[in-house]
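Each chain, letter by letter, is given below.
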Amino acid sequence: MRVEARLYGTGTLWVDDVFVEDLSRNIAPNGGFENASLNDYVTLASDFTKNTFSRDTQTVRSGSAALKVDSSQSYGEYALWGSKNNTVPVSGGRTYNVNV
């Protein structure tokens, strides 16, 4: 499974407390962005010169950090934060809940 948060056009997006539940535990790595390492995630953009991806410790929903995406792109261009392939392990025939 791949979990993504996308921003189209100009603006700021904060993401915090990503939670993928297999009905027993959170299987999204570092979903609250509390760990400074974001090695399990990728950032993509139409134009990286117009986007900033950072770990924000000032504006948070809970805990001590959140992901912040700043974009000055035109509408329709994207800024994407996403989990790397295979970092959220899922199995066929099971139920998963995803919250952001």
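Note that the structure is a prediction, hence the values are computed from the model and not measured.

*Asks:* So what's going on with the pattern of salt bridges? Residues and values would help.
*Replies:* Overall, the coordinates contain 1 salt bridge when judged by the stated rule. Aspartate 70 serves as the salt-bridge partner of lysine 68, at 3.7 Å between the closest nitrogen and oxygen. Taking relative accessible area as the criterion, aspartate 70 reaches 26% and is therefore assigned partly exposed.

*Asks:* Lay out the side chain of aspartate 16 with the relevant residues and their values.
*Replies:* Structurally, aspartate 16 is set in the loop between strand E2 (11–15) and strand E3 (19–21). For the buried aspartate 16, no salt bridge exists, and the shortest N-O distance to an oppositely charged side chain is 6.5 Å, to arginine 61. At 3.2 Å, the side chain of aspartate 16 and the backbone nitrogen of serine 62 are in polar contact.

*Asks:* Can you break down the environment of valine 90 residue by residue, with the values?
*Replies:* With respect to the secondary-structure elements, valine 90 resides in the loop between strand E7 (78–83) and strand E8 (97–99). Along the primary structure valine 90 and isoleucine 27 are separated by 63 residues, whereas in three dimensions their C-alpha atoms are 8.9 Å apart.

*Asks:* Describe the environment of alanine 65, with residues and values.
*Replies:* By the element assignment, alanine 65 lies in the loop between strand E5 (51–56) and strand E6 (66–71). A residue is classified by how much of its surface remains accessible, and alanine 65, at 0% relative accessible area, is buried. For the pair alanine 65 and asparagine 35, spaced 30 residues apart in the sequence, the C-alpha separation amounts to 8.4 Å. Every residue in contact with alanine 65, bar those within four places of it in the chain, is listed here: Asp16, Gly32, Phe33, Glu34, Arg55, Asp56, Thr57 and Val60.

*Asks:* If you had to explain the side chain of serine 71 to someone new, which residues and values would you point to?
*Replies:* Position of serine 71 among the secondary structure elements: in strand E6. Given a relative accessible area of 6%, serine 71 falls into the buried group. Within polar-contact distance, the side chain of serine 71 engages the backbone oxygen of glycine 9 at 3.0 Å. Not counting residues within four places of it along the chain, the set of residues in contact with serine 71 comprises Leu7, Gly9, Thr10, Gly11, Lys50 and Asn51.

*Asks:* Which residues make up the sheet that holds E6, and what values go with them?
*Replies:* A sheet is described by the order of its strands in space; here 3 strands give the open sequence E2-E6-E5, paired in antiparallel fashion. Edge positions in the open sheet fall to E2 and E5, since each of these has one partner strand only. Direction aside, the axes of adjacent strands within the sheet are offset by 15° on average.

*Asks:* Lay out the sheet that holds strand E1 (residues 4–8) in plain terms, naming residues and giving numbers.
*Replies:* The strand order across the open sheet built from 3 strands is E1-E7-E4, with neighbouring strands paired in antiparallel fashion. Looking at strand neighbours, the two that pair on one side only are E1 and strand E4 (41–45), the edges of this open sheet. For this sheet, the mean inter-axis angle between neighbouring strands, taken without regard to orientation, is 10°. Judged from the 5 bridges that link them, E1 and E7 form a sheet pairing that is antiparallel. Counterpart to arginine 6 in the pairing with E7 is leucine 80.

Cut-offs used in this document
- Residues numbered from 1 in each chain as written.
- Predicted model: local features only at pLDDT ≥ 70, side-chain atom pairs only at ≥ 80, totals over all residues.
- Heavy atoms only, no water.
- Salt bridge = Lys/Arg side-chain N within 4 Å of Asp/Glu carboxyl O.
- Buried < 20%, exposed > 50% of the residue type's maximum accessible area, 1.4 Å probe, protein only.
- Helix = DSSP H or I, 4+ residues; strand = E, 2+ residues; numbered from the N terminus.
- Lys, Arg positive; Asp, Glu negative; His and termini not counted.
- Polar contact = N/O pair within 3.5 Å; in protein donor to acceptor, adjacent residues only side chain to side chain.
- Contact = heavy atoms within 4.5 Å.
- Pairing = 2+ DSSP bridges.
- Axes fitted to C-alpha atoms, helices over the stretch in contact; angles between N-to-C directions.

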